[in-house]
Amino acid sequence: MYAVTLNPALDRVIDVDELIYDDVNKILEEKRNVSGKAIDVARIIRELGGHTCLLGLVGGYNGIEVEGRLINEG
């Protein structure tokens, strides 16, 4: 099965101790995740024992990170 993702996303979640308006906030932890509808569908298919191939367009530094993270996930 093929899954086409035309708009992959690189989500960035940061944890802060306290969010202070109009001041510098220290980041305690950062998490980055790749998501998108076709990517999520491909993950579910893999978890159910199926095989899929993701097709899409990526570019720039974020594109390299998206591609690398998906390759590492398998």
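Conventions used here
Residues numbered from 1 in each chain as written. Predicted model: local features only at pLDDT ≥ 70, side-chain atom pairs only at ≥ 80, totals over all residues. Heavy atoms only, no water. Patch = residues over 30% accessible without salt bridge, like charges linked within 9 Å, V, L, I, M, F, W, Y side chains within 5 Å. Areas by Shrake-Rupley, 256 points an atom, 1.4 Å probe, with all protein chains shown as cover. Salt bridge = Lys/Arg side-chain N within 4 Å of Asp/Glu carboxyl O. Buried < 20%, exposed > 50% of the residue type's maximum accessible area, 1.4 Å probe, protein only. Helix = DSSP H or I, 4+ residues; strand = E, 2+ residues; numbered from the N terminus. Arc of directions from axis to C-beta. Contact = heavy atoms within 4.5 Å.

**Q** Help me understand a nonpolar patch on the surface, please; the structure alone is not making it clear to me.
**A** A contiguous nonpolar patch, built from Y2, V4, L6 and L55 and spanning about 470 Å² of accessible area, is present on the exposed surface. Residue class for L6 comes out exposed when judged on its relative accessible area of 70%.

**Q** Would you mind going over helix α1 (residues 37–47) with me for this structure?
**A** An α-helical turn contains 3.6 residues, so a residue and the one three or four places further along point in the same direction. Listed as buried for α1 are A38, I39, A42, R43 and I45. Projected onto a plane normal to the axis of α1, the buried residues spread over an arc of 165° and lie on a single side. Along α1, the residues that are exposed and aim more than 90 degrees away from the buried face are K37 and E47. On its buried side, α1 packs onto β1 (2–5), β3 (27–35), β4 (53–56) and α2 (60–73).

**Q** Would you mind going over the pattern of salt bridges with me for this structure?
**A** Think of it this way: side chains of opposite charge can pair up when their charged atoms draw near. Applying the stated criterion to the full structure yields 6 salt bridges. The salt bridge partner of E65 is R32, with a shortest N-O separation of 2.9 Å. Taken together, the positions of E65 in helix α2 and R32 in strand β3 put the pair 33 residues apart, joining distant regions of the chain. D40 serves as the salt-bridge partner of R43, at 3.3 Å between the closest nitrogen and oxygen. With R43 and D40 both in helix α1 and 3 residues apart, the pair spans about one turn of that helix. For D40, a relative accessible area of 37% gives the class partly exposed. The network of salt bridges with common partners includes R12, E30, R32, E65 and R69.

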